Amino acid sequence: AAVGAAVLAVVAGAVDVPLDADGLNAVDAVALLVGVGAPTAVGLFLILRRPRTLVAWILLAGALSVALVMAAFIVAERALRDDPDSALGAWALLVAQEWLVLFAWPLALAYCYPDGRLPSARWKPLAVLALTSCGGAMLVLLAQATLDGPKGEVPNPLGIDIEAPVVVGLFWACWIGVLISLAGGVLALRARY
């Protein structure tokens, strides 16, 4: 599914690009396919060897989430370019707003690599912080009243209308937690080695 979504993103990025538009160039396409294909291949290899290993499932879930976000971004760009009121474009843009997955799955991998467990029980508070801050930030991204589209703001298709200062404040609080968690992930890897 992850590789399929990445291929869909590359095909959607290559098709129907006017000459004056910024389309998905060859370097971006190769980077997307390698970025999704490599963790997918390693995850599948690990699952075939040890189906219960958490690391393999994190690799697969991460590749799928990145591919879906990138494919949604390209679909949203195409749909909203032609029709700024496109329902498909608005829903795809909502999925594309979840760019935080680019940090979430490597962060999960950092805490539980290589055996699928935390280095020790004392790492649990940092792992909980990582989970809650990433999850909270992703929920806050869904709660925006308007989404940044390619041709301006698009109303949130969920119909959520939380005041912008509240959303911004919650997001930055969660983002600080993500940054602390990223530092914790580096320390967790260092503790392993």
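Quick notes on the rules
Residues numbered from 1 in each chain as written. Predicted model: local features only at pLDDT ≥ 70, side-chain atom pairs only at ≥ 80, totals over all residues. Heavy atoms only, no water. Helix = DSSP H or I, 4+ residues; strand = E, 2+ residues; numbered from the N terminus. Buried < 20%, exposed > 50% of the residue type's maximum accessible area, 1.4 Å probe, protein only. Contact = heavy atoms within 4.5 Å. Areas by Shrake-Rupley, 256 points an atom, 1.4 Å probe, with all protein chains shown as cover. Patch = residues over 30% accessible without salt bridge, like charges linked within 9 Å, V, L, I, M, F, W, Y side chains within 5 Å. Salt bridge = Lys/Arg side-chain N within 4 Å of Asp/Glu carboxyl O. Polar contact = N/O pair within 3.5 Å; in protein donor to acceptor, adjacent residues only side chain to side chain. Disulfide = S-S within 2.5 Å. Phe/Tyr/Trp six-rings, centres within 6.5 Å; stacked < 30°, edge-to-face > 60°.

**Quick word on the overall build of the protein chain**
Counting secondary structure elements, the protein chain contains seven helices and two strands. The helix and strand sequence of the protein chain, counted from the amino end, reads α-α-α-α-α-α-β-β-α. Across the 193 residues that make up the protein chain, the buried fraction comes to 40%. In the protein chain, of all internal contacts separated by at least 6 residues, the share reaching a separation of at least 24 is 68%. Taken as a whole, the protein chain presents about 11,000 Å² of accessible surface, with 70% of it coming from carbon and sulfur.

**As for a nonpolar patch on the surface**
A contiguous nonpolar patch, built from Trp 99, Leu 102 and Phe 103 and spanning about 250 Å² of accessible area, is present on the exposed surface. Looking at the element boundaries, Trp 99 is found in the loop between helix H4 (87-96) and helix H5 (101-112). Using a relative accessible area of 31% as the deciding quantity, one classes Trp 99 as partly exposed.

**Here we look at H4**
Looking at H4, one finds that the buried residues are Gly 89, Ala 90, Ala 92, Leu 93, Leu 94 and Ala 96. Check the buried side of H4 and you find it contacts helix H3 (54-82), helix H6 (124-142), strand S1 (146-149) and strand S2 (152-155). The N-cap residue of H4 is Ser 86: its side-chain oxygen and the backbone nitrogen of Leu 88 are 3.4 Å apart.

**Some points on the state of the cysteines**
Evaluation of the coordinates by the stated rule reveals zero disulfides. Free of any disulfide, Cys 174 has its nearest cysteine sulfur in Cys 134, 9.1 Å distant. Look at Cys 174 and you get buried, because its relative accessible area is 15%.

**Things to note about the pattern of salt bridges**
By the definition in use, this model includes four salt bridges. Across the salt bridge formed by Arg 117 and Asp 115, the nearest N and O atoms sit 3.2 Å from each other. Between Arg 192 and Asp 115 there is a salt bridge, and its shortest N-O distance comes to 3.4 Å. Here Asp 115 lies in the loop between H5 and H6 and Arg 192 lies in helix H7 (residues 164-192), a separation of 77 residues in the sequence. Judged by relative accessible area, Arg 192 falls into the partly exposed class, the value being 24%. By relative accessible area, Asp 115 is classed as partly exposed at 36%. Connected via shared salt-bridge partners are Asp 115, Arg 117 and Arg 192.

**Quick notes on unusual backbone geometry**
For the bond running from Tyr 113 to Pro 114, omega is 5°, close enough to zero to count as cis. With respect to the helices, strands and loops of the structure, Pro 114 is situated in the loop between H5 and H6.

**Quick look at the packing of aromatic side chains**
A full pass over the atoms with the stated rule returns six aromatic pairs. One aromatic cluster in this structure is built from Trp 99, Phe 103, Phe 171, Trp 172 and Trp 175.

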